[in-house]
Amino acid sequence: MSGTSSQAIVEHTCTTALPEFVAAHRRLFVLTGAGCSTDSGIPDYRDANGGWKRPQPVTYQAFVGELATRQRYWARSLVGWRRFGGAQPNATHHALARLERQGRLTLLLTQNVDRLHQAAGSENVVDLHGRLDQVRCLACERRMLRTEFQAALLRLNPAWADLDAADAPDGDADLDGQDFSRFQVPPCPHCAGLLKPDVVFFGENVPRERVDAGMQALQDADAMLVVGSSLMVYSGYRFANAAARAGKPIAAVNIGHTRADPLLSLKVEQSCAQALAFL
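Residues numbered from 1 in each chain as written. Predicted model: local features only at pLDDT ≥ 70, side-chain atom pairs only at ≥ 80, totals over all residues. Heavy atoms only, no water.

Asker: Describe the nonpolar core, listing the residues and the values that go with them.
Answerer: Taken as a class, soluble globular proteins show a tendency for nonpolar side chains to be buried jointly. With 26 residues, the main nonpolar core has Phe-29, Leu-109, Met-224, Phe-239 and Ile-250 as its most contacted residues. Secondary structure elements with two or more residues in this core: β2 (28–32), β3 (105–110), α7 (208–220), β8 (223–227), α8 (234–245) and β9 (250–253). At 6 residues, α8 tops the list of elements feeding residues into this core. In contact with Met-224, other than residues within four places in its own chain, are Phe-21, Phe-29, Leu-31, Leu-218, Phe-239, Ala-240, Ala-243, Pro-249, Ile-250 and Ala-251. Residues Val-79, Leu-153, Cys-188 and Leu-195 belong to the second largest nonpolar core, which totals 25 residues. (Core = buried A, V, L, I, M, F, W, Y, C linked by side-chain atoms within 4.5 Å. Buried < 20%, exposed > 50% of the residue type's maximum accessible area, 1.4 Å probe, protein only. Helix = DSSP H or I, 4+ residues; strand = E, 2+ residues; numbered from the N terminus. Contact = heavy atoms within 4.5 Å.)

The structure is reproduced here in structure tokens:
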């Protein structure tokens, strides 16, 4: 373990601690979360205490088991995708892409589903929770682009085309008070099966190969850097826990509480872009 909660260094004003940490560890395992993408206009899920800002996201069991849940999900997604699908990388994504080009990363493991790291030029990326720009058939496993599915949603539900609502995390939109009962959800065009966004829902397991790739890259790294994640979800926290057990130092850039606070060697409570501006 690299430290305890009383030993973790919380940096509010020092501008040299994180550059020194990065310089001291030539091979970094980087894990990123929603805080990386807020400057791109994508809201995050949690407050500074690590609690939910809104009701928890839909579960896999509810999505698969209830037509009403799918209608509500895809109606809100139809509206939310217009802005989410057009989001652009911000300074944080570009800073981490530069770090990769310097040969400093064993892997960038992201909990985000927006593909903005790849859009900024990062190549060695594992999308731990999947990608929202694809839709997957649960029957035949074929995938289609979310842009194609958006067109199908609009063809079947033209009355929803002009609706607008406040953005919610991961392409969702706050469509309060709407009647979703007549919203039509297209089936798979190949087998008529059930279509689902190609992301890991709550109640669904992260594919083993993604976890294994992350653990291998962590093993090869000198240290771990967490950027914009509270690590409240176990799928991300497990990597910090593994790093601590292996005696690898962990630095985190996050405003507010993280689940891994007792494990950290360094904590920088600044915006991600501000903290990484030195790269």
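Picking up after the structure, the text goes on.
Asker: Break down the packing of helix α3 (residues 67–84) against helix α6 (residues 146–156) for me, with residues and values.
Answerer: Where α3 contacts α6, the axes come no closer than 10 Å and their chain directions differ by 120°. Here α3 lies oblique to α6, going by the angle between them. Taken as a pair, α3 and α6 cross one another with a handedness that is left-handed. Contacts between α3 and α6 involve Trp-74, Ser-77, Leu-78, Trp-81 and Arg-82 on the former and, on the latter, Arg-146, Thr-147, Phe-149, Gln-150, Leu-153 and Leu-154. (Axes fitted to C-alpha atoms, helices over the stretch in contact; angles between N-to-C directions. Parallel < 35°, antiparallel > 145°, perpendicular 65-115°, else oblique. Left-handed = near helix turned anticlockwise from the far one by under 90°.)

Asker: I'd like a description of the packing of aromatic side chains, backed by residues and values.
Answerer: If you walk through the whole model with that rule in mind, you get 10 aromatic pairs. With centroids separated by 5.8 Å and ring planes inclined at 35°, the aromatic side chains of Phe-29 and Phe-239 adopt a geometry described as tilted. Note that Phe-29 is positioned in strand β2 and Phe-239 in helix α8, a separation of 210 residues in sequence. You'll find Phe-29 and Phe-239 in the same group, each marked buried. Residues Tyr-73 and Trp-74 carry aromatic rings whose centres are separated by 5.1 Å and whose planes lie at 85° to one another, so their mutual orientation is edge-to-face. In this structure, Tyr-73 and Trp-74 share a single accessibility class: buried. Through pairs of rings, three or more aromatic residues link up here, namely Phe-63, Tyr-73, Trp-74, Phe-149 and Phe-201. The side chain of Lys-196 reaches across the aromatic face of Phe-201, ending 4.5 Å from its centre. In this arrangement the basic side chain of Arg-259 is found over the ring face of Tyr-237, its NZ or CZ atom lying 4.4 Å from the centre. (Phe/Tyr/Trp six-rings, centres within 6.5 Å; stacked < 30°, edge-to-face > 60°. Lys NZ or Arg CZ within 6 Å of the ring centre and 35° of its normal.)

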